[in-house]
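Structural features, examined
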Amino acid sequence: MAAIRTLLKVLEYSKSETVQELRYCLQNAIDAMRSTENPVTAIASGSELFLRFITLATLDTPSFAECKGIMLHRGKMFYEKLVAARGKVAKVAAHFIKDGSKILTHSKSRVVLQAMKEAVESNKIFEVYVTCSSPDNSGEEMYENLTKLGLSCTLILDSAMGYVMEQVDMVMVGAEGVAESGGVINKVGTYTMAMCAKEVKKPFYVLTESFKFSRIYPLNQVDLPNEFKYTASTLKKDLQKEHPLVDYTPPHYISLLFTDLGILTPSAVSDELIKLYL
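Residues numbered from 1 in each chain as written. Predicted model: local features only at pLDDT ≥ 70, side-chain atom pairs only at ≥ 80, totals over all residues. Heavy atoms only, no water.

- Looking at an unreviewed UniProt entry, one finds the chain named Translation initiation factor eIF2B subunit alpha, with Apis mellifera as its source organism.
- Word for word, the UniProt comment on the chain under Subcellular location (unreviewed entry) is "Cytoplasm, Cytosol". (UniProt positions renumbered as here; feature names shortened; annotations may be inferred.)

Spelled out as structure tokens, the structure:
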């Protein structure tokens, strides 16, 4: 969402005099954001959709000024949809959390936190297990946020996910990106958790906004673009000796995806992507 706000500011203050020049200016801004130390999976997919959404306005406009005004209006509409998306996902997913449930989640996810907050506000009582999520231990922040909601929450080692899996009723994770196949790109360790869940027949749910849908089709971990797996500074090093930040979970490990477009099976993602880019 910060990336889209940035693009809106670039669009608003750009001195460009043609649509092509303006698009080039926006692309430069996207490239600059993708070269930062932040995870770029969602930036890549969200920015691509943003460009697609606003440039539809270039048709049938008599002047560039009018065209730019329409593009800015559409950009603001796009951002408002993004802001509302997390709440929609949370409301859909919260219905699947039942009284007495035990849920396992991985790392830190704002949308998973929002869904659990919705469930708490509906007076549901449940327990949550959160992985520490090495190497940055982002799960500790998730644990603190869940504890503040008054939930019974347990912080576990990443290596203990198999041990607690048979005790839980479901797994709920977020996503940094969703591939065209319906597989997800998320914090490293998600793939391991999905395999454990499949082995003991526990449902594996992914909570994600549709702007994270990406037109990529990785077949395995190696197929995942390096810019998604490493920070910009790490890409300059010997990647054989570096630890990836994310991994790819194939679609057959995923039970359902809760999105702002509704509840989807992994196979439905490609159809939704086609609609998004029409």
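After that view, the rundown keeps rolling.
1. Considerations on the nonpolar core
- Of all hydrophobic cores here, the largest spans 26 residues; its most connected members are Leu104, Val171, Met193, Phe204 and Val206.
- The set of elements that each furnish at least two residues to this core consists of α7 (161–165), β4 (170–173), α8 (190–199), β7 (204–207) and α10 (269–277). (Core = buried A, V, L, I, M, F, W, Y, C linked by side-chain atoms within 4.5 Å. Buried < 20%, exposed > 50% of the residue type's maximum accessible area, 1.4 Å probe, protein only. Helix = DSSP H or I, 4+ residues; strand = E, 2+ residues; numbered from the N terminus.)

2. Re the pairing of strand β6 (residues 184–187)
- With 2 bridges joining them, strand β5 (residues 177–178) and β6 adopt antiparallel strand pairing. When the bridges of β6 are listed, Val178 appears paired with Val184.
- Between β5 and β6, which pair antiparallel and follow one another directly, the connecting turn spans 5 residues, one of which, Gly182, has a positive phi of 100°.
- Pairing of β6 with strand β8 (residues 246–249) involves 4 bridges; the strand directions are antiparallel. What sits directly across from Lys187, in β8, is Val246. (Pairing = 2+ DSSP bridges.)

3. Section: the sheet that holds strand β10 (residues 262–264)
- Ordered in space as β3-β2-β1-β4-β7-β9-β10, the 7 strands form an open sheet in which the pairing is mixed. Looking at the sheet topology across the chains shown, the edges are occupied by β3 (152–156) and β10. Pairwise comparison of adjacent strand axes, ignoring direction, gives a mean angle of 25° for this sheet.
- Bridging between β4 and β7 involves 3 bridges; their strand directions are parallel. When the bridges of β7 are listed, Val173 appears paired with Val206.
- Sheet contacts for helix α6 (residues 139–148): β2 (127–131) and β3; angle to β3, the most-contacted strand, approximately 170°. (Axes fitted to C-alpha atoms, helices over the stretch in contact; angles between N-to-C directions. Contact = heavy atoms within 4.5 Å.)

4. A few points about helix α4 (residues 64–94)
- The terminal C-alpha atoms of α4 lie 45 Å apart, and with 31 residues this matches the ideal 45 Å at 1.5 Å per residue to within 8%.
- In α4, a bend of some 30° at Ala84 exceeds every other bend along the element. (Expected span 1.5 Å × (residues − 1). Bend = angle between axes of the 7 residues up to and from the residue.)

5. A look at the pattern of salt bridges
- Counted under the stated rule, the structure contains 7 salt bridges.
- With a shortest N-O distance of 2.6 Å, Lys187 and Asp136 are connected by a salt bridge. Placement of the pair is Lys187 in strand β6 and Asp136 in the loop between β2 and α6, with a sequence separation of 51 residues.
- Overall, the relative accessible area of 8% leaves Lys187 in the buried class.
- Residue Lys275 is joined to Glu272 by a salt bridge in which the shortest nitrogen-to-oxygen separation is 3.5 Å. Of this pair, Lys275 and Glu272 both sit in helix α10, separated by 3 residues, roughly a single helical turn.
- The exposed category is assigned to Lys275, whose relative accessible area is 54%.
- Judged by its relative accessible area of 14%, Glu272 falls in the buried class.
- Among the ionic contacts, a cluster of salt bridges with common partners joins Arg86, Glu209 and Lys212. (Salt bridge = Lys/Arg side-chain N within 4 Å of Asp/Glu carboxyl O.)

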